[in-house]
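Remarks on the overall topology
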Amino acid sequence: MTSSDIVDNPYNLEIVEMDTYQIPRTLEDIDYGVISGAIVYSAGMDTSSSLLNEEIVDEFEIIATVDEENVDSEWAQAVVDAYQSDEFAEFLDEQNEDDYWNIPEDLE
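Keep in mind the model is a prediction, meaning the values are calculated, not measured. (Residues numbered from 1 in each chain as written. Predicted model: local features only at pLDDT ≥ 70, side-chain atom pairs only at ≥ 80, totals over all residues. Heavy atoms only, no water.)

A few points about a negative patch on the surface
- Taken together, Asp86, Glu87, Glu90, Asp93, Glu94 and Glu97 make up a surface patch of like negative charges.
- Within the element layout of this structure, Glu97 appears in the segment after α4 (86–95).
- Owing to a relative accessible area of 72%, Glu97 belongs among the exposed residues under this scheme. (Patch = residues over 30% accessible without salt bridge, like charges linked within 9 Å, V, L, I, M, F, W, Y side chains within 5 Å. Areas by Shrake-Rupley, 256 points an atom, 1.4 Å probe, with all protein chains shown as cover. Salt bridge = Lys/Arg side-chain N within 4 Å of Asp/Glu carboxyl O. Lys, Arg positive; Asp, Glu negative; His and termini not counted. Charge placed at Lys NZ, Arg CZ, Asp CG, Glu CD. Helix = DSSP H or I, 4+ residues; strand = E, 2+ residues; numbered from the N terminus. Buried < 20%, exposed > 50% of the residue type's maximum accessible area, 1.4 Å probe, protein only.)

Here it is, written out as structure tokens:
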């Protein structure tokens, strides 16, 4: 999505496109920033300061996949085991104190 996709700007906001990784560094100099959750997390930002959180649409949920020939491979099974481990669930709980992250039901 770019600023050319904006159909209406009733408040006449000045829209400045920038690399998403730069937005956290520029928040002191701008009024608003739109930042994906992954960038918020990696920048160590306080998620309680957000004005609005997006609703996750199932079609856009990140899913790990492998080629059919690798489904039963040792490394693919290791990824599945790690993803479904108690340690990973505990890590998610610690990192998701304010319920910012959408945790798939099969991990809750």
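Now that the structure has been shown, the text picks up again.
Quick word on the confidence of the model for the protein chain
- On average, the protein chain scores 83 in pLDDT, and the residues at 70 or more come to 84%.
- Between the elements of the protein chain, mean pLDDT differs from a low of 81, seen in helix α2 (residues 37–42), to a high of 93, seen in helix α1 (residues 23–26). (pLDDT = per-residue confidence, 0-100.)

Re the side chain of Ser73
- With respect to the helices and strands, the residue Ser73 is situated in the loop between α2 and α3 (74–83).
- The exposure class assigned to Ser73 is buried, which follows from its relative accessible area of 17%.
- Polar side-chain contacts of Ser73 include one of 3.2 Å to the side chain of Trp75.
- Here Ala76 takes part through its backbone nitrogen, which lies 3.2 Å from a polar atom of the side chain of Ser73. (Polar contact = N/O pair within 3.5 Å; in protein donor to acceptor, adjacent residues only side chain to side chain.)

Considering the packing of aromatic side chains
- Under the defined criterion, the tally for this structure stands at two aromatic pairs.
- Note on Tyr83 and Phe88: the rings are 5.5 Å apart at their centroids and 35° apart in plane angle, and the pair reads as tilted.
- Judged by its relative accessible area of 37%, Tyr83 falls in the partly exposed class.
- Classification of Phe88 by relative accessible area gives partly exposed; the value is 26%.
- Ring geometry for Phe88 versus Phe91: centroids 6.4 Å apart, planes at 15°, classification stacked. On the criterion of helical spacing, the pair formed by Phe88 and Phe91 is a turn pair, its members being three residues apart in helix α4.
- Three or more aromatic residues link up through ring pairs in this structure, and these residues are Tyr83, Phe88 and Phe91. (Phe/Tyr/Trp six-rings, centres within 6.5 Å; stacked < 30°, edge-to-face > 60°.)

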